[in-house]
Amino acid sequence: MKRSDKNGSKCKNEIKSTKTYRDEVPAIVDELVATCSKEGCFDHVSAEPIPSRESMIDILRRLGLILYPGYFIRTRLDANNLEYYLGQQMITLYEALSEQVVLAIRHDCIRHNQSCVHCEPLGHKLSLEFLRKLPGLRAMLANDIRAAFDGDPAAKGYDEIIFSYPGIWAIMVYRIAHELYHLSIPLMPRIMTEYAHSRTGIDIHPGAHIGESFFIDHGTGVVIGETCAIGARVRIYQGVTLGALSLSKAECSRLRSKKRHPSIEDDVIIYANATILGGDTVVGARSVIGGNVWLTHSVPPDTEVFIKKQDLIFGAKHYKEHASRQKLR
């Protein structure tokens, strides 16, 4: 069926009108390009490639394949192919990691106008140093998994914890990022822990120091600041904040490299939604901090800190409904 001349003319007019709007786009592009040459806006317009967030996430995935062999693959892994599997994974990881480490160092060097540190050999050297830490990392993570099993009666086994506990995954990413952080590799550690934060709701700064057998139960809303020092066998629950006191802009600059977050000694338990703040705050060993506690001063060892029990008030409506149900019985 042929379109009428009237309809055809209408379509042509609409197309012409649409083209007029489209012709406005280049002018907007020119304005955007101009903003890239002004101070106050952020961009990375350079011949030198920037480190890739997506590649760093892929590196985390590959590290999971190595740190938990056999858990996150579809093929069978046994004694006959374990060496081949780990060898292949390690070489692939080394190549991906060293590429990103080199880019991160070079980007930081150019951004801060530093003297040459020979990015290429340094990046490969630091990547190899990190890989040497993997056997120790596996042992540390195994202790974290045992702590999760010992601290959670709902856990049916270690496999369930590895597959499904967000706290264990966030701790794995933190321990990886922490090693990179102490090798002074820029960008990568924070990108990794913030990715874990986005996936789990658990925010652990890579600069924090956390001892062995650490367990985060449930996990959502946990915040652990950069200068926190946490001992061994510590257990915390959802919503716990180990943070810094609010600071002015001048104080932020002065304390940027100082201790701002609390210290938690060995065998401490911190229940849900507790907030512990300040670099001078120390929670002594074997102490228990109750839910919803707000703490800005130190606690000696073997101390229990709880909020006074609140009174529950039942209104008349609830009482009458309850009484009427009792009569019906």
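Okay, so let's go over this structure. (Residues numbered from 1 in each chain as written. Predicted model: local features only at pLDDT ≥ 70, side-chain atom pairs only at ≥ 80, totals over all residues. Heavy atoms only, no water.)

**Looking at the packing of aromatic side chains**
Aromatic ring pairs are reported here in terms of the distance separating the ring centres and the angle at which the planes meet.
Then, number 1: All chains considered together, the criterion is met by eight aromatic pairs.
Then, number 2: Taken together, a centroid distance of 5.9 Å and an interplanar angle of 85° make the contact between Phe-72 and Phe-163 edge-to-face. In this pair, Phe-72 sits in the loop between α3 (53-67) and α4 (82-111) while Phe-163 sits in helix α7 (residues 158-164), placing the two residues 91 residues apart along the sequence.
Then, number 3: According to the relative accessible area criterion, Phe-72 is partly exposed, its value standing at 39%.
Then, number 4: Under the relative-accessibility criterion, Phe-163 is labelled exposed at 52%.
Then, number 5: Each ring, one from Trp-169 and one from Tyr-195, has its centre 5.9 Å from the other, and the planes form 70°; the classification is edge-to-face. Placement of the pair is Trp-169 in helix α8 (residues 166-182) and Tyr-195 in helix α9 (residues 188-200), with a sequence separation of 26 residues. Tyr-195 shares its class with Trp-169; the two are buried.
Then, number 6: Feature note: the residues Tyr-68, Tyr-71, Phe-72 and Phe-163 constitute an aromatic cluster, connected by ring pairs. (Phe/Tyr/Trp six-rings, centres within 6.5 Å; stacked < 30°, edge-to-face > 60°. Helix = DSSP H or I, 4+ residues; strand = E, 2+ residues; numbered from the N terminus. Buried < 20%, exposed > 50% of the residue type's maximum accessible area, 1.4 Å probe, protein only.)

**Quick word on the pattern of salt bridges**
Then, number 1: Going through the model one piece at a time under the given rule, you end up with eleven salt bridges.
Then, number 2: Between Glu-179 and Lys-133 there is a salt bridge, and its shortest N-O distance comes to 3.7 Å. Of the two residues, Glu-179 is situated in helix α8 and Lys-133 in the loop between α5 (119-132) and α6 (134-151); the sequence distance between them amounts to 46 residues.
Then, number 3: Salt-bridge contacts for Arg-175 lead to Asp-144; the nearest nitrogen and oxygen are separated by 2.7 Å. Placement of Arg-175 in helix α8 and of Asp-144 in helix α6 is noted, with a sequence separation of 31 residues between them.
Then, number 4: Residue classification places Asp-144 among the buried residues on the basis of a relative accessible area of 1%.
Then, number 5: What emerges from the salt-bridge pattern is a single network uniting Asp-58, Arg-61 and Arg-62. (Salt bridge = Lys/Arg side-chain N within 4 Å of Asp/Glu carboxyl O.)

**Comments concerning the nonpolar core**
Then, number 1: Membership of the largest hydrophobic core comes to 42 residues, with the highest contact counts inside it found for Leu-67, Phe-130, Leu-134, Ile-176, Met-188 and Met-192.
Then, number 2: For this core, the secondary structure elements donating two or more residues are α3, α4, α5, α6, α7, α8 and α9.
Then, number 3: Apart from the residues within four sequence positions on either side, Met-188 is in contact with Met-56, Ile-59, Leu-97, Gln-100, Val-101 and Ala-104.
Then, number 4: Core analysis: the next-biggest nonpolar cluster, separate from the first, contains 28 residues, Phe-214, Ile-216, Ile-224 and Leu-295 among them. (Core = buried A, V, L, I, M, F, W, Y, C linked by side-chain atoms within 4.5 Å. Contact = heavy atoms within 4.5 Å.)

**Points about the environment of Ile-210**
Then, number 1: Relative to the helices and strands, Ile-210 resides in strand β2 (residues 209-210).
Then, number 2: Residue classification places Ile-210 among the buried residues on the basis of a relative accessible area of 9%.
Then, number 3: Put simply, Ile-210 and Ile-224 are 14 residues apart on the chain and 9.8 Å apart in space, counted from C-alpha to C-alpha.
Then, number 4: Leave out the neighbours within four places in its chain, and Ile-210 touches Tyr-174, Arg-175, Ile-204, Ile-224 and Ile-230.

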